[in-house]
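# Topology and contacts: notes
The residues making up each chain are set out below.
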Amino acid sequence: MLEIKNLHVEVEGTEILKGVNLNIKAGEVHAIMGPNGSGKSTLAQVISGRDVYDVTNGEISYLGKDLLDMEPDERAREGVFMAFQYPVEIPGVTNSYFLKTGLNEIRKHHGLETLDAADFLKFIKEKAKLLDIEPDMLNRSVNEGFSGGEKKRNEILQMAVLEPKLAIMDETDSGLDIDALRIVADGVNRLRNEDRAIIIVTHYQRLLNYIVPDYIHILLNGKIVKSGDKQLAFELEEKGYDQIKADYSSIKTKLEETV
Amino acid sequence: MGNILERDQQQAEISSEEVEKKIHKAKKKVTEKDTLEALGNREYKWGFFTDIEQEYASPGLNEDVVRFISMKKKEPEWMLEWRLKAFRNWQKMTEPTWVNVEYPPIDYQSQRYYAAPKSKEDGPKSLDEVDPELLRTYEKLGIPLEEQKILSGVAVDAVFDSVSVATTFKEKLAEYGIIFCSMSEAVHNHPDLVKKYLGSIVPYNDNYFAALNSAVFSDGSFVYVPKGVRCPMELSTYFRINSENTGQFERTLIVAEEGAYVSYLEGCTAPKRDTHQLHAAVVELIALDDAQIKYSTVQNWYPGDKDGKGGIYNFVTKRGKCAGVNSKISWTQVETGSAITWKYPSVILQGDNSVGEFYSVALTMNHQQADTGTKMVHLGKNTKSTIVAKGIAGGVSQNSYRGLVKVMKNAENARNFSQCDSLLLGDRCGAHTFPYIEVKNTSSQVEHEATTSKIGEDQIFYCNQRGISTEDAVSIIVNGFAKEVFKELPMEFAVEAQKLLGVSLEGSVG
Ligand SMILES: Nc1ncnc2c1ncn2[C@@H]1O[C@H](COP(=O)(O)OP(=O)(O)OP(=O)(O)O)[C@@H](O)[C@H]1O
Ligand SMILES: [Mg+2]
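Every chain begins its residue count from 1, and numbering advances along the sequence as written. Numbering of ligands from 1 and lettering of chains from A proceed in the order in which they are written. Local features in a predicted model are, by the rule used here, given only for residues with pLDDT of at least 70; side-chain atom pairs are given and counted only at 80 or more, and totals for whole chains, interfaces and linings are based on all residues. Excluding hydrogens and water, the side-chain values take into account all heavy atoms of the structure.

### Description of the packing of helix 3 (residues 63-72) of chain B against helix 4 (residues 77-92) of chain B
The axes of two packed helices give the description: the angle between them and the distance between them. Residues and elements named next belong to chain B. To keep things clear, this is the line we draw: A fitted line through C-alpha atoms serves as each axis, taken over the contacting stretch for helices, and the angle formed by two N-to-C directions is quoted from 0 to 180°. Every helix listed is a DSSP run of H or I at least four residues long, and every strand listed is a run of E at least two residues long, numbered separately from the N terminus. Orientation labels follow simple angle bins: below 35 degrees gives roughly parallel, above 145 gives roughly antiparallel, 65 to 115 gives roughly perpendicular, and whatever is left gives oblique. Two helices cross in a left-handed way if the nearer one is turned anticlockwise from the farther one by less than a right angle. They cross in a right-handed way if the turn is clockwise. Between two residues, a contact is recorded if the distance between any of their heavy atoms is within 4.5 Å. Three categories are distinguished: nonpolar for Ala, Val, Leu, Ile, Met, Phe, Trp, Tyr, Cys and Pro, charged for Asp, Glu, Lys and Arg, and polar for the others, with Gly belonging to the last.
Close contact between helix 3 and helix 4 brings their axes to 10 Å; oriented N to C, the two are set at 155 degrees. One element, helix 3, and the other, helix 4, form an angle in the roughly antiparallel class. Helix 4 is crossed by helix 3, and the crossing has right-handed handedness. When helix 3 is examined against helix 4, the residues E63, V66, R67, I69 and S70 are found in contact with a partner set consisting of L80, R83, L84, F87 and R88. For the contact of helix 3 with helix 4, the per-class residue count stands at five nonpolar, one polar and four charged.

Right, here's the structure in full:
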C-alpha cells in the first residue's frame, strides 16, 4: 500500500529525514518510535503532504501512485489520514460542519452521494458516542478550547468518520488519561481491517498493549535504525534509546571502515 | 524490512528525474499561494448591464441640475429649497482628507446625477406596469418582485439608478399602519413626516458627501412604523446601479415610533465597468421610546477588476438616533464590494438605557480600500454600545477600522465594548485600526480589544488533510472568523453573505 524509498527531507536547509525506507501492506499496523526530534512527525507530515518540508530525494508510492505528486487534499480524498500531534484550532467553524465538508469532499471524489445535514448528524452522533464524545463538542468550534485529551479524541472521531485507507496517528496517546486511552484504542481497533493500514507514532509501549502492532520501527536521527515485532517496544522500554544508539553507531563505524 | 547496512550504501545522488520533481513541487507551492489570491479574482456575477431606454440628466452639477431632479420628481417647493441650500453648502465644502484611502481626484462635473428607466408619465402604479426587462433584471439578481415569488416575509423596494421601480407588499403593510414606500413617494404623500425627520439626524451640511447627497438625492426608501407596531415582515431595499457615468445618491429614512420594531435589509450591486462610479448615500434612523430598529446591509457594489480598474466609490453617511428611553438601534454590515468604502454607521444614544450596536465584516481583495467603522455617542444614562468589527484583507488591499466611542458628561454608567479583529490573507495587504475614545464621565466603562492575525498555513493544511481544497479552506476559515457578525443577520441575508465570502453553503446555516 505504502512504499517509501530512500526518503530525504529538508526543512529550511537542514536535513531531517536522511534516507527512510518503509514498506507497509494493507491490513498491517506499524508503530514508529524514536526519541524527540528524530523526525517522526516530519515523516507523518511528508506523507500527508505538508509543503513546508522539501523532499530532496527518494520516493513514496501509495496504492501504486506517486504520492509526492499529489496535493494534500487529493491525498486525503484518496484515503490518507493523519491524526495530528498538535490539532489545529479553527475559530467560528463548528466541528461537525468542518467534518461534514471533508467527508462530502471525499464522497464526491469517489462518486458517492453527499450526506445532508440531518443524515450526517445521525452518522456522526453514533461515532461520537462510541468514542465517548459529548454531542455538544460537535457544535463547538474546531478544537477551540478543547482540552488536550479532547483534541486527541476528536482526531480519532475524524478518523472514524472519514474511514481512511492509510491512517497515521502522531502521538495520539500523549495527553490521554487511562480511560480515554482505552476508548481511543478500542476505536482504532474497530477500524482495523485487511484493507486498511495504520501507522502509530508513539513514545510509549502502553498504547501498543491495546493496539498490538505487526511491526515496530525505530527512527533515530532521521533514519530507521531498527525494525522488529512488538517485542521491540518492551526492549526499548527496558533499555532506552541509548543502547540502540550505541549499537547503531558501532555498526555504522564498522560499515564506514569497510567501505 | 531489509537491514540498515544496505540502506546506508544507497547513493544520495540526485537524478535528473528528481530535479524535475523538485521543480514540479516548487511550482506547486506557487500555485497554492496563488489560490489565496485567486479568491479575489472570483467572477463578479452581478456585473451585467440592462439595456433599457433611460432618461438622463446631462453630465455635470449645478443649480439647474438640482432643479431638474426636483422637477422630474415633481417636488414641492420646500423640497427644492432644501436641496438648493444643501448644494450651496456643498460648493463651499472640501472633500475629507483624513481617510486612509487613496484615489485620484473625482471630477464631479463629469458624472451624471440622474438616470431613470423611461416609463409612463407618473411611473408604474403596479407591478403590471413595470417594464418586464426590469423585472427580469431583478429576477436575475435573485430578487423576484412578483409577491408570490418572493421569500415569504420580505417586502422589497427596488431602486434602479435614480428611481424606485417597485415596492412590494405595500398594501399588506398599510393594514398595520406601516408606511413602506420610495422616498419620492413619501415627499408627496407624507410631507409632514418627511419635513419633520429628513435631515434631523444627518443635517444637509453634515459632511461633504452628505451635503452632495442632500442636493441631488434621487430615491431610496421611506419607512414609518407607528406606535406599538411590530413590523410583521423584513423590509428591504435592493439598490442597483445600471447606467454608466451615473452616480447613485439614495436617501433612506426610517422612523420607529414608541414601542415599534422593524428589521430592514439593504443589498446592492452594479455592472462591471472600467470607470469608477460614485455612490453617496445617506441613511437616517430614528427610534423613539422602547422602539427597535435593526438595519442590515450586504454591500456588494462592483469592486473593480484585479488590477484596480473600475469599481464603485462608496461614500456613505449612516446614522441613527436612539431618541427615546430603552430604544435600540443595531447596524449589521457585510461589506464585500466597492473599490473604495467610506462608511461609519453610527448611533447617538440619547434616551436613557438605550442600546447601540455595530456588527461589521469588511472584506477587501485586490486593490479594494475600505475605511469603515462606527461612532457611538453616549448622551443618556445607562446607555450601552457594542462594536464588533471584523476586517479581512487580501491581495494588495487596505482595510481600516475607524471608530469613535464618545461618552458625554451626563452619560452616567455608560458602557461600551469594542472588539476589532483583522485577518490577513497574504503579505501585501494591510489592516489598520483607528480607535478613538473620548470619555467625559467617570462612571462609564469603555473596553477595547483588537487582534490581527494571518490566515494560518497550519489551518489550511489541517483542512486539506481532511479532503478540503485550499480555496474552500480559506472561505471556511474566513467565514468562521466572521461568524459572530453573520449570526446577527436575518437568515436569508446570512446565506447571501456567506456566499459572498465564497463558502459552499449547503447546510452550514442552522
Ligand atoms: N517546520 C519546521 N521548521 C524547522 N524545524 C523543524 C520543522 N519541523 C521539524 N523541524 C525540526 O526537525 C526535527 C524533527 O522534528 P519532528 O517534529 O519530526 O520530531 P519528532 O520525532 O516528531 O519529535 P517528538 O517526539 O518530539 O514529537 C526537529 O529538530 C525539529 O525541530
Ligand atoms: Mg512529533
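Further notes follow.
### Overview of the pattern of salt bridges
The line we're drawing: Between Lys or Arg on one side and Asp or Glu on the other, a salt bridge is scored when a side-chain nitrogen of the former is within 4 Å of a carboxyl oxygen of the latter. A 1.4 Å probe rolled over the protein chains alone gives each residue an accessible area, and that area as a share of the maximum for its type sets the label: buried under 20%, exposed over 50%, partly exposed in between.
All chains considered together, the criterion is met by 24 salt bridges over all chains. Two residues, E235 of chain A and K226 of chain A, come together in a salt bridge whose shortest N-O distance is 3.4 Å. Using a relative accessible area of 28% as the deciding quantity, one classes K226 of chain A as partly exposed. Of the charged contacts in the structure, one is a salt bridge between R88 of chain B and E63 of chain B, with a shortest N-O distance of 2.8 Å. Of this pair, R88 of chain B sits in helix 4 while E63 of chain B sits in helix 3, placing them 25 residues apart in sequence. Given a relative accessible area of 23%, E63 of chain B falls into the partly exposed group.

### Quick notes on the pairing of strand 12 (residues 292-299) of chain B
Residues and elements named next belong to chain B. Note the following rule: Strand pairing is assigned whenever DSSP detects at least two bridges linking the two strands.
Of all eight residues making up strand 12, seven are buried, and the element is well covered by its neighbours. Bridge analysis of strand 12 against strand 14 (residues 328-335) gives eight bridges, and the strand direction is parallel. By the bridge assignment for strand 14, V298 is matched with V334.

### As for the side chain of R50 of chain A
For the record, the criterion: We call two N or O atoms a polar contact when they sit within 3.5 Å, provided that within protein one can donate a hydrogen and the other can accept it, with sequence-adjacent residues counted only if both atoms are side-chain atoms.
You can see R50 of chain A is positioned in the loop between helix 1 (40-48) and strand 4 (54-62). Side-chain polar atoms of R50 of chain A contact the side chain of E457 of chain B, separated by 2.9 Å. Not counting residues up to four positions away in its chain, the partners in contact with R50 of chain A are Q45 of chain A together with E457, D458 and F461 of chain B.

### Digging into the sheet that holds strand 4 of chain A
All names here are of chain A. Taking strand neighbours across the sheet as the criterion, the four strands line up as 2-1-4-5 in an open arrangement whose pairing is antiparallel. Both edges of this open sheet fall to strand 2 (14-24) and strand 5 (65-66), since each of them pairs with a single strand only. One ladder, built from two bridges, connects strand 4 with strand 5; its direction is antiparallel. When the bridges of strand 5 are listed, Y62 appears paired with K65. Of the strands in this sheet, strand 1 (2-11), strand 2 and strand 4 are in contact with helix 1, which crosses strand 1 at around 110 degrees.

### A short note on the site of ligand 1
Residues and elements named next belong to chain A. What counts is decided by this rule: We call a residue near a molecule or strand whenever a single non-hydrogen atom of that residue lies within 4 Å of it. Note on areas: Shrake-Rupley with a 1.4 Å probe; residue coverage comes only from the protein chains shown.
Near ligand 1 you find 14 residues, and of these G37, K40, S41, T42 and H203 are the closest. Contact distances for ligand 1 include 2.7 Å between an oxygen atom and a side-chain N or O atom of K40. Between ligand 1 and Y53, the relevant distance is 3.1 Å, taken from a nitrogen atom to a side-chain nitrogen or oxygen of the residue. For ligand 1, whose accessible area on its own is 630 Å², the fraction buried by protein is 63%. Sorting elements by how many residues they give to the shell around ligand 1 places helix 1 first, with three residues. Looking at the shell around ligand 1, its residues break down into four nonpolar, eight polar and two charged.

### Some thoughts on the confidence of the model for chain B
All names here are of chain B. Keep this limit in mind: Within a predicted model, pLDDT stands for the predictor's per-residue confidence, ranging from 0 to 100.
The predicted model of chain B has a mean per-residue pLDDT of 81, with 74% of residues at 70 or higher. Scored below 50 in pLDDT, residues 22-36 makes 23 contacts in the model with residues more than four places away or belonging to other chains. Contacts for the low-pLDDT stretch residues 503-510, under 50 throughout, to residues beyond four places or in other chains number 21 contacts. Here the prediction assigns the complex a pTM of 0.81, and the interface score ipTM is 0.94.

### Some remarks on the coordination of the magnesium ion (ligand 2)
In an ideal octahedron of six donors the angles at the metal are 90 or 180 degrees, and in an ideal tetrahedron of four donors they are 109.5 degrees. The following threshold applies: Each metal site lists N, O and S donors within 2.8 Å (3.2 Å for Na, K and Ca). With water left out of the atoms, a site can look as if it is missing ligands.
Here the magnesium ion (ligand 2) is held by the protein donor atoms S41 of chain A (OG) and Q85 of chain A (OE1), which lie 2.0 to 2.2 Å from it. Note that S41 of chain A is positioned in helix 1 and Q85 of chain A in the loop between strand 6 (80-83) and strand 7 (90-94), a separation of 44 residues in sequence.

### A look at the packing of aromatic side chains
All names here are of chain B. For clarity, the threshold we go by: The rule is short: rings of Phe, Tyr and Trp, with Trp giving its six-membered ring, pair when the centres are within 6.5 Å, and they are stacked under 30 degrees, edge-to-face over 60, tilted in between. Two conditions define a charge sitting above a ring: the NZ of Lys or the CZ of Arg must be within 6 Å of the ring centre, and it must be within 35 degrees of the ring normal.
The final tally for this structure, using the stated rule, is 23 aromatic pairs over all chains. Arranged with centres 4.1 Å apart and planes meeting at 5 degrees, the rings of F209 and F315 form a pair that is stacked. With a gap of 106 residues between them, F209 in helix 9 (residues 208-216) and F315 in strand 13 (residues 311-322) connect regions that are remote in the sequence. The burial state of F209 is the same as that of F315; both residues are buried. Here the aromatic cluster, defined as three or more aromatic residues joined through ring pairs, consists of F87, W90, W98, Y103, Y108, Y208, F209, Y313, F315, W342 and Y344. Over the aromatic face of F217 sits the side chain of R83, whose NZ or CZ is 4.1 Å from the ring centroid. The side chain of R402 reaches across the aromatic face of F434, ending 4.5 Å from its centre.

### Quick notes on the sheet that holds strand 9 (residues 166-170) of chain A
Residues and elements named next belong to chain A. Overall, mixed pairing links the six strands, which are arranged 6-9-10-3-11-12 in an open sheet. Edge positions in the sheet fall to strand 6 and strand 12 (223-228), since each of these pairs with one other strand and no more. The sheet shows a mean angle of 20 degrees between the axes of neighbouring strands, direction not considered. One ladder, built from four bridges, connects strand 6 with strand 9; its direction is parallel. Looking at the pairing, F81 lines up with A167 of strand 9.

### Side note on the nonpolar core
Counted only if it meets this: We define a nonpolar core as any set of buried Ala, Val, Leu, Ile, Met, Phe, Trp, Tyr and Cys residues linked to one another through side-chain atoms lying within 4.5 Å.
Membership of the largest hydrophobic core comes to 65 residues, with the highest contact counts inside it found for L2, I4, L7, I47, I60 and L166 of chain A. Every residue in contact with I4 of chain A, bar those within four places of it in the chain, is listed here: V20, N21, L22, L43, I47, E59 and I60 of chain A. By size, the runner-up hydrophobic cluster in this structure holds 52 residues, among which are V65, C181, A215 and F315 of chain B.

### Let's talk about unusual backbone geometry
All names here are of chain A. Phi at D132 takes a positive value of approximately 60 degrees, unusual for a residue other than glycine. Within the secondary structure, D132 sits in the loop between helix 4 (117-130) and strand 8 (141-142). Judged by relative accessible area, D132 falls into the partly exposed class, the value being 46%. For N221, which is not glycine, the phi dihedral falls at a positive 50 degrees. Here N221 is to be found in the loop between strand 11 (215-220) and strand 12.

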